[in-house]
Every structure is written in C-alpha cells, then in structure tokens.
Amino acid sequence: MKLLPINQQLKIIIYSLVLVLFASCSSRPESLKAIPENTSAIAVVDVFSLYKKGNLEDLEDLEFFKTFQKEIRNEDKKVANFLEDLREDPSKTGVDFTKDVFMYYIDEGTDEKFVCVSLDLKDEENYAEFLEDIFDKGGVDFDVEKEDLYKYIKVQNEVVFAWDSNKALIVTAQNWSSRENLELEVESLFELKVDKQIVVNKEFMSFYSNKKDVNFWVSSNILESSFYLKELEKQFDVDMTDNYISASLEFEDDRISLQGKMFPNREVREMMKRDNVWDHDFNSALLKFLPKQSFANLAMSFNPSENYKVMQEQGELESIEKEFEKEMGFELEDLIKSIEGSMVFSLSNIEESTYTYDTYKMVYNENKTRRFDASTNEYYYEGGYEYRDTTETRTKTLPVMSLVFDINSDKYLKKVIKKIPESEIKEKDDYYEVKLDGSYSGYFAFDDDTFLFTNDKASIKAFKDGGLGSKSLSGSSKLSDFSGGGYYAYLNLNYDDYPKEVKKMIEEEQNDKEEEVFEIWTNFARGIELKMIDNFTLEFNLETKDNGKNSLQQLLELMDESFKSFSSL
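Cut-offs used in this document
Residues numbered from 1 in each chain as written. Predicted model: local features only at pLDDT ≥ 70, side-chain atom pairs only at ≥ 80, totals over all residues. Heavy atoms only, no water. Helix = DSSP H or I, 4+ residues; strand = E, 2+ residues; numbered from the N terminus. Patch = residues over 30% accessible without salt bridge, like charges linked within 9 Å, V, L, I, M, F, W, Y side chains within 5 Å. Areas by Shrake-Rupley, 256 points an atom, 1.4 Å probe, with all protein chains shown as cover. Salt bridge = Lys/Arg side-chain N within 4 Å of Asp/Glu carboxyl O. Lys, Arg positive; Asp, Glu negative; His and termini not counted. Charge placed at Lys NZ, Arg CZ, Asp CG, Glu CD. Axes fitted to C-alpha atoms, helices over the stretch in contact; angles between N-to-C directions. Parallel < 35°, antiparallel > 145°, perpendicular 65-115°, else oblique. Left-handed = near helix turned anticlockwise from the far one by under 90°. Contact = heavy atoms within 4.5 Å. Core = buried A, V, L, I, M, F, W, Y, C linked by side-chain atoms within 4.5 Å. Buried < 20%, exposed > 50% of the residue type's maximum accessible area, 1.4 Å probe, protein only.

1. Let's talk about unusual backbone geometry
Glycine aside, residues mostly have negative phi, and peptide bonds are mostly found in the trans state.
Inference 1: Even without glycine at this site, Asn 55 takes up a positive phi of about 50 degrees.
Inference 2: Looking at where Asn 55 falls in the secondary structure, it is placed in the loop between α2 (47–53) and α3 (63–75).
Inference 3: The phi angle at Asp 242 is positive, at roughly 60 degrees, despite the residue not being glycine.
Inference 4: Its location among the elements puts Asp 242 in the loop between α9 (227–236) and β9 (244–251).

2. Observations regarding a negative patch on the surface
Inference 1: Together, Asp 141, Asp 143, Glu 145, Glu 147, Asp 148, Glu 187 and Glu 191 make up a region of like negative charge exposed at the surface.
Inference 2: Structurally, the position occupied by Asp 148 is in the loop between β4 (144–146) and β5 (151–155).

3. Thoughts on the packing of helix α4 (residues 77–88) against helix α5 (residues 124–137)
Inference 1: Across the interface, α4 lies against α5 with an axial gap of 9 Å and an inter-helix angle of 155 degrees. As far as their axial angle goes, α5 and α4 are roughly antiparallel. Judged by the sense of rotation from one axis to the other, the crossing of α4 with α5 is left-handed. Residue-level contacts link Lys 78, Val 79, Phe 82, Leu 83 and Leu 86 of α4 to Phe 130, Asp 133, Ile 134 and Lys 137 of α5.

4. Notes on the nonpolar core
Inference 1: Of all hydrophobic cores here, the largest spans 47 residues; its most connected members are Tyr 127, Leu 131, Phe 135, Phe 161 and Trp 163.
Inference 2: Here the element with the most residues in this core is α5; it accounts for 6 residues.
Inference 3: Setting aside chain neighbours within four positions, we find Tyr 127 in contact with Lys 92, Thr 93, Gly 94, Val 95, Leu 121, Phe 161, Trp 163 and Ala 168.
Inference 4: Of all hydrophobic cores here, the second largest spans 30 residues; its members include Tyr 104, Tyr 150, Ala 162 and Val 171.

Treat this as a map of the structure, not an account of what it does.
So this is what it looks like as structure tokens:
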C-alpha cells in the first residue's frame, strides 16, 4: 500500500474539511475549553461565514480547485474517491462547521512547543470513522488509544488527533524535544479546569465578542524572554508584558477590511495617554484649497509641540536644532510651534507638462569656421560641432500635487523664505514660484492661517480668493468622516478614472500576458483606504467593484482567472 508523507495526509484532511462546510452559526464553541488561559497566539476562523460569503458550494467549479483535486487523485485514487463520497454526504466527517475553528500556539518551554487546532464535533463516532478511513486509505499505520476523557491517534510521533464527544484537537510538536511530551500536552488540554481556560481572559473574550471572518490575537508575552522586549522596557521604563494585539479580516460586499487593535496594559496606556501626539482636531477648512479630483490623498492631524517634545526626550533633535539655528538665526522649536498640526496632501492629476530649460551642450554650427578660397578670391564657411549655451523645450509626464497645512503665524515662514537664493525663487502678485528639479515650476502661497504648496496653477491662483469653492475637495465623501486626530489615506484604484497619460504609460510597459492579468485585477479593485480609528485602532480597506457579489467570492474568482492565465503560459 502506498504510504503518504505526513504533510500530504494533513493536506488531504484539510481538503476534506473544506468540502463539507454547511449549516448555520450558533453559541460559544466547545473547542474554546481546550485553549489555556495563558496562550499567547490564537487564530479564529468563522468557517460558516466564509462559506456563505465565498459561495463555497461552487468551489469545485474553480479551475485551481480542480487542479488540486487532480493532484489528490494522482497521489491516491482511493483517497480521492473517499473524498468524493464525503462531498456527497458531509455528515460523515462528524465535524460541526457551524462553530468557529481555533488555531493556537503553546510555548511552555524548549520541549513544550506545540501548534494546535481545535474544532467542535457533531458526531464523535463519525469523526473517528472519518479519521480511520483517511489513514487506512493513505497507508498510515495507526492505533486508536483510549483515555478516560478522550481518544486519540498518534501519527509518526509528530501529530496527535484527539477527540471526545464535543470537540477534536490536532496537536503538532514544533521540535524534536517537544515530541516526547505530545501525549502529556493532549492530556493537559482535555483536563483544563474552567479557571485555566482562555474564557477567563477578559482581553481575549472582548476580542472574541467582536470577531469577524478571520481573526488573530497575540500577546506580548510571546516575546517575554526576548532581548528586544527587555530593551523596550528599559527605553520606555514601562512593563511590556500583558499587552495584546488583534487583527480581524472581514469580507464585506464592497470591500475587504482588515482592522488592527491594541489592548495595552495599564502602564503602556498611561504612557500613550501622556505622550498623545494625536490629540488634535482636524481642520477641514484646508480641503477647500485642494482640487475636487483626487487620485490619492493623505490627511493628518497631530499636536506638533507634543511630537517635538517627545523627539527631544528621545535625544533625536540636538544636532539638528544646533544646525538649524546656525543657518536660520532662530530656533527650530519656534517654527514648529507656528504650525497648527492639520495637513493634507493630494495627487489630483497626472498630465503632460511642457517646459524650457537652459543647458550647455554640443550643437552643430554650419558657419563655425570662416575660410578663404584663393582660387575664387572669396570667403566661405565650414560647419562643425561646438559647445554652446542653449534653451531647450521638453515634454514630461508629471504628477499634479498639492500640500496644504494650517499655521498660527507666518513670522517664521517668512524668515525661511528670505534664506532662499533670489535665483531660485520669483515673487508674483499673490504667490511665489520656484523651480523644481531645475526645470518645471512649483508654487506656494500663505497667509496668517494657511500655507499651500502646489504645482497646480488653478489652485495657487484661487488661494487669494479663499480656495476652489465648489471645485474643491471639501465635498469629498472619503475625507468627510476624518475629524479627530490621527491620519487618513486613500488611493483610487478605479482604472476607468485614470488620466489617458497614465493609461498610456502602463500599457507601454506591459506585454500581452501582463496586460491580461492587469485587466483581471483592475476589474476587481476600486480603491485602498487606510485610517486611524483611535489611538489603539487602525483599519485598512481594499474596496472592490460593485457587481452584486461579496468581496470573498470576487477574490476567489479573481484568483481563478489569474491561475488560468498563468497556467496557459
């Protein structure tokens, strides 16, 4: 009988479980009871939610999944036939996929490192038969061992499959020394008392009560013996243990959302509150100085003085402060204090720009040398190359960008401007012009409240009139929710909105196959959004095109189209 390697056995088991997703969600899983209270890393997967959102009942119609099925059949036809039977009658697995699946890492010493999976069962006997059939058909030697509270199968002294009437565990040793303790670890997990289970960890249960489709939860205690953690404790003079970080991935109808959250301990929370550089409301009036069209923007609101103080305490500014005061004649801190703390950057267009520039180059002069022809008694000229000052015209595709921020005084900005050489700046009626990269023009203007730097003439000319009015970014639905301190960024990925110059640049760089794959992805993505929710929460969103399908189903179909495209190479 053909003996499958352990990684192939696990792959087949995972494949089997994917095939049998069905039913609906319900109460807290029994498998939570097998997770120790001090576990430092846990992943939670809501498989039923993924099943519904991804339309996984049609998973076998996807090309990459058909290929995976063929791979299994090539490995062992008996196993492939068995899996086909499971697809027809998924209850044979005994697994309850209406409950969440948990994956977690246990580290209790050099010889006690384990990766575990826990899941709920609907039928203990069916699950036992399912495992036995898998191992029989895979050519794996095994025995079912019985304990008072559970049964288990140990495979190649590396993995233990254990179960009772309510739950099943898969426990894998992470190193050779941990293999000796595999069975002891399984026993301890099944015998966990309530006060030793993860359910008594308030931070974890708070995280779990707000779970999404795929979730990760990590404690800083996983690095408790790390040199870097100890160095952080020395640097900030705080206890770095018992801090928790979570990440939750959710597939919504119009976006894929990833939210990261921190649950700091008391000392770290107080430190962050004391040094809160984000304690500043955003000045939305700045948006009126930026064009309504925006392919990318970044908004930020922070406390400049508080940020400056933190950097001073960390010893990062001493040499810079001395050099700045020497060059400018006033202190850097005075300039920082004149900045209010709200700023917005916007990429409003990409267009061709024609400009002239002076250069010194070799050119052909048809009258370079004057000569005398004695036979005709006349003078004539011979051509030749020579270096000469010349003015040239060039067309270049350039981004149209603007940066605006608020100030409480223009006193120190004026001092900085005076230090700019006259040859590099021109003062116009209502603004200043400078040469960027020695060629194309940039402009800036300011008053007592606002400073604007841009290479967009329409924006700079509108500054004196208080902005662009109805043609400004003020009505942006993206930035309308940004009001408190923090940051917000958005990148438009809707290819239909892109300027023709950008499309031309992209198309010129692609071959036929790259163009095909690029089209697949542009039909999927609409935009990328990054925003700070509060001091402890960050959110990243990949917005998808609205085609009546959930983003997970769209992603699977996208992956399948890409797979078929690359498979045809």
